[in-house]
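# Chains, contacts and geometry: an overview
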Amino acid sequence: MVVAFCVIHGERGDWAVLHVSGELDLLTSPALRQRVHDVVADGRHSLVLDLSEVFFCDSSGVGVLIAARRLIRSCRGSLRLVLPARGVAEASHVSRVLGALGVRRLFDVYTDLEEAVAEDAGPLSA
């Protein structure tokens, strides 16, 4: 089964939103890195990465997320991740990978896009 990697750019109020789907791995992570850089180059420093349709993420994908955080912070911007819970005890694959590597606490994580772009939104606890 081949699942295409896709990044779709959108806007929600003051937020640039990148909807990511497929596998975030060594082959696809450079495309996401470039899209993040393109958003920042366009002067957008409030970014939501909607990872709700990413079903696999390896260390290169995590590296892109950390680099995106660093880039946005250097612009005094804000980065939010959408990582929905799949069920009561099951988190998304990306959330599990970030947690296993001990870097989930670095990110402001939300369960859905509406929550992530809300003005008074507070992230989930790590």
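These lines cover the structure that appears in this document, whether it is placed above or below. (Residues numbered from 1 in each chain as written. Predicted model: local features only at pLDDT ≥ 70, side-chain atom pairs only at ≥ 80, totals over all residues. Heavy atoms only, no water.)

With that settled, the discussion passes to the sheet that holds strand β1 (residues 6-12). The five strands are arranged β1-β2-β3-β4-β5 in an open sheet whose pairing can be described as mixed. In this open sheet, the two strands that pair with only one neighbour each are β1 and β5 (108-110). Neighbour-to-neighbour, the strand axes of this sheet turn through a mean angle of 25°, independent of strand direction. In this structure, strand β2 (residues 15-24) lies alongside strand β3 (residues 46-57), joined through eight bridges in parallel fashion. Each residue of the ladder has a partner; that of leucine 24, found in β3, is cysteine 57. The sheet strands contacting helix α1 (residues 29-41) are β1, β2 and β3, and the helix crosses β2 at an angle near 175°. Along the sheet, helix α3 (residues 93-100) makes contact with β3 and β4 (78-82), crossing β3 at roughly 100°. (Pairing = 2+ DSSP bridges. Helix = DSSP H or I, 4+ residues; strand = E, 2+ residues; numbered from the N terminus. Axes fitted to C-alpha atoms, helices over the stretch in contact; angles between N-to-C directions. Contact = heavy atoms within 4.5 Å.)

Functional significance is not addressed by these values, which are geometric in nature.
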